[in-house]
Amino acid sequence: MSVHPENCRINYIELNVRNIDKAKAFYGQAFGWTFTDYGPEYAEFSDGAMKGGFTTMAPPSPAGGPLVILYADKLEAARGSVLAAGGTISREIFAFPGGRRFHFKDADGYELAVWSKD
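What you see is a predicted model; the values in this text were computed from it and never measured.

*Asks:* What am I meant to see in the pairing of strand 8 (residues 111–116) here?
*Replies:* Looking along a regular strand, one sees side chains alternate from face to face of the sheet. With 5 of its 6 residues buried, strand 8 lies for the most part within the structure. Relative to strand 8, strand 5 (residues 67–71) is paired through 4 bridges, and the arrangement is parallel. What sits directly across from Val-68, in strand 8, is Leu-112. With 6 bridges joining them, strand 7 (residues 99–105) and strand 8 adopt antiparallel strand pairing. The residue bridging Phe-102 from the neighbouring strand is Val-114, located in strand 8. Following strand 7, the chain reverses through 5 residues before pairing antiparallel with strand 8; Gly-109 in that reversal takes a positive phi of roughly 90°.

*Asks:* Looking at this structure, I do not really get the layout of surface pockets. What am I missing?
*Replies:* One water molecule sets the probe size; rolling that probe over the atoms shows where empty space is left. Here the largest pocket defines a volume of roughly 630 Å³. Taken together, 23 residues form the lining of the largest pocket, with Glu-14, Tyr-42, Met-57, Phe-96 and Arg-101 sitting closest to its centre. Counting residues per element, the ones that place at least two in the lining of the largest pocket are strand 1 (10–16), strand 3 (42–46), strand 5, strand 6 (88–96) and strand 7. Per element, the largest residue contribution to the lining of the largest pocket is 4 residues, and it comes from strand 1.

*Asks:* What is the right way to read the sheet that holds strand 4 (residues 51–55) from this model?
*Replies:* Taken in spatial order, the 8 strands make up an open sheet running 2-3-4-1-5-8-7-6, and their pairing is mixed. Of all strands in the sheet, those bounded by a partner on one side alone are strand 2 (34–37) and strand 6. Going from strand to strand, the sheet's axes swing by 25° on average, the running direction of each strand aside. Together, strand 6, strand 7 and strand 8 form the strand contacts of helix 2 (residues 75–84), whose direction differs from that of strand 7 by roughly 5°.

Each value, and the rule that gives it
Residues numbered from 1 in each chain as written. Predicted model: local features only at pLDDT ≥ 70, side-chain atom pairs only at ≥ 80, totals over all residues. Heavy atoms only, no water. Buried < 20%, exposed > 50% of the residue type's maximum accessible area, 1.4 Å probe, protein only. Helix = DSSP H or I, 4+ residues; strand = E, 2+ residues; numbered from the N terminus. Pairing = 2+ DSSP bridges. 1 Å grid on protein atoms, 1.4 Å probe; cavity = no way out; pocket = protein on both sides within 12 Å on 5 of 7 lines; lining within 4 Å. Points joined across faces, edges and corners; volume = space filled by probe spheres on them. Axes fitted to C-alpha atoms, helices over the stretch in contact; angles between N-to-C directions. Contact = heavy atoms within 4.5 Å.

Here it is, written out as structure tokens:
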């Protein structure tokens, strides 16, 4: 069984925004990012090396607060590892276009997510 090179590495970030079109205009102009739209509440961005997303499904955080998302070959195993390490699940496993993911909080209350293609 092979392990993907991206296993357990930061793979994706999401930024909650008020207006996706304005966010795309800013980051496109400022940094040359490209975009793929996935409906009115979500657009994926690419900086040429890493991908992320803009979403209006939650309010922006005035202090920043992008969601750091890690990739795992086996989502349930990663969930078990998070719990075993003392993390708490803040959003149970759910499906989205392209895979499934869950959110968790670490001991300091930082929320991250883990996703898988399965």
